[in-house]
Amino acid sequence: KQEVTQIPAALSVPEGENLVLNCSFTDSAIYNLQWFRQDPGKGLTSLLLIQSSQREQTSGRLNASLDKSSGRSTLYIAASQPGDSATYLCAVSRTGTASKLTFGTGTRLQVTL
Amino acid sequence: DTAVSQTPKYLVTQMGNDKSIKCEQNLGHDTMYWYKQDSKKFLKIMFSYNNKELIINETVPNRFSPKSPDKAHLNLHINSLELGDSAVYFCASSQLAGGPYNEQFFGPGTRLTVL
């Protein structure tokens, strides 16, 4: 059974800092890994999708890496801004006939002025 | 131009009632999903439909019945609501039913409160 863990559970950083969020999963038989952000009371916004054959993906100030063999992914946020404050979720899609996402527990990020 | 929309946004009802949540996507996707986010913010898949066919059913009580009238809509009907059904329900869609290119897009959620 796939289990996804995110560390830390919460993080507070001053504006401008670079930061790393961690995601680990127990079953390496995945199709892909997706990073989302969730603002309070809102839905999920897809940030990045990394296919199982890829090592990393970049979008603006965000860079996600994937090490499938060790069951780890990191989300790097450069030059953090108060608008980055949200909960960040990683989710993996296991190989098989149908795709379902198994979500991590999330990291709640606060970027302070 | 909302990609995945859900109605209602909030739903407050009494225990024992029957209620429905509607979801529509205008992305032209073939696959739609329902996820449940509990009070601890943990998200878990409930159902998935591909071209109106059920492909995932994650041991959800049979009081929950999804219905897909066409591939752009996936509704969730809940009978005999219980206190434990209180949660935020998210609808999602994706172009494909599986594979490495399968990116899922989520709706804004429906917060269900059962009193």
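Here is a short report on the structure shown in this document. None of these values were measured; they are calculated from a predicted model.

This paragraph deals with the state of the cysteines. Evaluation of the coordinates by the stated rule reveals two disulfides over all chains. Linked covalently through their sulfurs, Cys23 of chain A and Cys90 of chain A form a disulfide whose S-S length is 2.0 Å. In this structure, the disulfide formed by Cys23 of chain A and Cys90 of chain A twists by about 75° around the S-S bond and is classed as right-handed. Of the two residues, Cys23 of chain A is situated in strand S3 (residues 19-25) and Cys90 of chain A in strand S9 (residues 86-94); the sequence distance between them amounts to 67 residues. When sorted by exposure, Cys23 of chain A lands in the same class as Cys90 of chain A, which is buried. Across the disulfide from Cys23 of chain B sits Cys91 of chain B; the S-S distance is 1.8 Å.

Attention now moves to the nonpolar core. With 23 residues, the main nonpolar core has Phe25, Leu33, Trp35, Leu75, Ile77, Tyr88 and Leu109 of chain A as its most contacted residues. Those elements that provide at least two residues to this core are S3, strand S4 (30-38), strand S5 (44-51), strand S7 (62-67), strand S8 (72-77), S9 and strand S11 (107-112) of chain A. Grouped together as the second largest cluster of nonpolar side chains are 20 residues, Ile21, Leu74, Ala87 and Val114 of chain B included.

Let us look at the packing of aromatic side chains. With the rule as written, the count across this model stands at eight aromatic pairs over all chains. A ring pair is formed by Phe36 of chain A and Phe103 of chain A, whose centres lie 5.6 Å apart and whose planes are at 35°; its orientation type is tilted. Of this pair, Phe36 of chain A sits in strand S4 while Phe103 of chain A sits in strand S10 (residues 101-103), and the two are 67 residues apart along the sequence. Here Phe103 of chain A falls in the buried class, since its relative accessible area comes to 1%. Between Tyr35 of chain B and Phe106 of chain B, the ring centres sit 5.2 Å apart and the planes meet at 40°, which makes this aromatic pair tilted. Here Phe106 of chain B lies in strand S10 (residues 105-106) and Tyr35 of chain B lies in strand S4 (residues 31-37), a separation of 71 residues in the sequence. Pair check on accessibility: Tyr35 of chain B and Phe106 of chain B agree, each one buried.

Residues and elements named next belong to chain A. Pairing within the open sheet is antiparallel, and its five strands lie in the order S1-S3-S8-S7-S6. Every other strand in the sheet has two partners, leaving strand S1 (4-7) and strand S6 (56-59) as the edge strands with one partner each. Neighbouring strand axes in the sheet, compared pairwise and without regard to direction, differ in orientation by 15° on average. Two elements, S6 and S7, share four bridges in a ladder whose sense is antiparallel. Paired with Glu56 across the two strands is Ser65, which belongs to S7.

Each value, and the rule that gives it
- Residues numbered from 1 in each chain as written.
- Chains lettered and ligands numbered in written order.
- Predicted model: local features only at pLDDT ≥ 70, side-chain atom pairs only at ≥ 80, totals over all residues.
- Heavy atoms only, no water.
- Disulfide = S-S within 2.5 Å.
- Helix = DSSP H or I, 4+ residues; strand = E, 2+ residues; numbered from the N terminus.
- Buried < 20%, exposed > 50% of the residue type's maximum accessible area, 1.4 Å probe, protein only.
- Core = buried A, V, L, I, M, F, W, Y, C linked by side-chain atoms within 4.5 Å.
- Phe/Tyr/Trp six-rings, centres within 6.5 Å; stacked < 30°, edge-to-face > 60°.
- Pairing = 2+ DSSP bridges.
- Axes fitted to C-alpha atoms, helices over the stretch in contact; angles between N-to-C directions.

By themselves, these figures tell us nothing about what the structure is for.
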